[in-house]
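# Analysis of the macromolecular model
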Amino acid sequence: MRRVLSASARGGASDEERTPALDSRESRESRDSRETLRTEFPFELPRGYVDDDGTVHRSGVMRLATARDELIPLRDDRVRENAAYLSVVLIARVVSRIGTVDDIHPGVIEDLFASDLAFLQDFYRRINAEGHTRAAVTCPSCQENFAVDLAGGGRPGES
């Protein structure tokens with residue numbers, strides 16, 4: 001059974017003691033954070049997942065990881081036997097869809113091409129550690145530096 005304490009019992013200000021300025025600042029901050037926090041990121045696999053019917057699936061969605069997403073795989077026997085398997089279990093937890101496949105599990109991630117797994121590992125790192133999907137690149141022809149959005153809508157090389 002869960003007990004709910006009033007603000008005064010918790011040692012905080014009661015509703016009557018709260019100032020309107022504090023209330024408006026808190027509501028503005030919570031509204032701003034709700035409007036700007038992005039939790040799902042679309043991606044395009046370099047090669048694509050090939051399902052049992054031979055259909056290639058390239059576009060997908062990855063969500064931000066939670067602490068639980070990073071802790072639960074550590075209890076997995078496959079990860080205990082082979083630490084490299086951690087990324088397979090972790091990626092399977094945070095990818096919510098690849099093409100029309102929405103039942104993403106470690107078996108699906110195991111069947112990805114190595115380049116697609118490497119892409120998803122980098123994508124995971126970018127959205128969870130760096131907070132964005134941009135990558136700095138250099139044009140091989142003119143050596144100009146610029147940024148590309150890995151979550152972008154098109155395939156590399158297409159405009």
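Here we summarise the structure given alongside this text.

So, how was this worked out
Residues numbered from 1 in each chain as written. Predicted model: local features only at pLDDT ≥ 70, side-chain atom pairs only at ≥ 80, totals over all residues. Heavy atoms only, no water. Helix = DSSP H or I, 4+ residues; strand = E, 2+ residues; numbered from the N terminus. Buried < 20%, exposed > 50% of the residue type's maximum accessible area, 1.4 Å probe, protein only. Contact = heavy atoms within 4.5 Å. Areas by Shrake-Rupley, 256 points an atom, 1.4 Å probe, with all protein chains shown as cover. Pairing = 2+ DSSP bridges. Axes fitted to C-alpha atoms, helices over the stretch in contact; angles between N-to-C directions. Patch = residues over 30% accessible without salt bridge, like charges linked within 9 Å, V, L, I, M, F, W, Y side chains within 5 Å. Salt bridge = Lys/Arg side-chain N within 4 Å of Asp/Glu carboxyl O. Lys, Arg positive; Asp, Glu negative; His and termini not counted. Charge placed at Lys NZ, Arg CZ, Asp CG, Glu CD.

Of regular secondary structure, the protein possesses six helices and five strands. Each helix and strand of the protein, placed in order from N terminus to C terminus, yields the pattern α-β-β-α-α-α-β-α-α-β-β. Residues classed as buried in the protein amount to 29% of the 159 residues present. When contacts within the protein are restricted to residue pairs at least 6 apart in sequence, those whose partners lie at least 24 apart make up 49%. Roughly 10,900 Å² of accessible area belongs to the protein as shown, and the carbon and sulfur atoms make up 49% of that amount.

Attention now goes to the environment of T39. Following the sequence through the fold, T39 ends up in the loop between α1 (20–36) and β1 (40–50). Separated by 23 residues in the primary sequence, T39 and M62 have C-alpha atoms spaced 8.4 Å apart.

What follows concerns the pairing of β1. Two elements, β1 and strand β2 (residues 56–63), share seven bridges in a ladder whose sense is antiparallel. Paired with F41 across the strands is M62, a residue of β2. Joining the antiparallel neighbours β1 and β2 is a turn of five residues, in which G54 adopts a positive phi near 90°.

Backbone-to-backbone hydrogen bonds join strands into a sheet, with any given pair of strands oriented parallel or antiparallel. Taken in spatial order, the three strands make up an open sheet running β1-β2-β3, and their pairing is antiparallel. Looking at which strands have only one partner, the edges of the open sheet turn out to be β1 and β3 (95–98). Sheet twist, expressed as the average angle between the axes of neighbouring strands with direction ignored, equals 25°. When β2 meets β3, the two strands line up antiparallel, connected through three bridges. Bridge pairing in β3 links V61 to R97. Sheet strands in contact with helix α6 (residues 114–130) are β1, β2 and β3, and its direction is about 170° off that of β1.

Looking now at a negative patch on the surface. A surface patch of like charges, here negative, comprises D52, D53, E110 and D111. Along the chain, the position of D111 falls in the loop between α5 (106–110) and α6.

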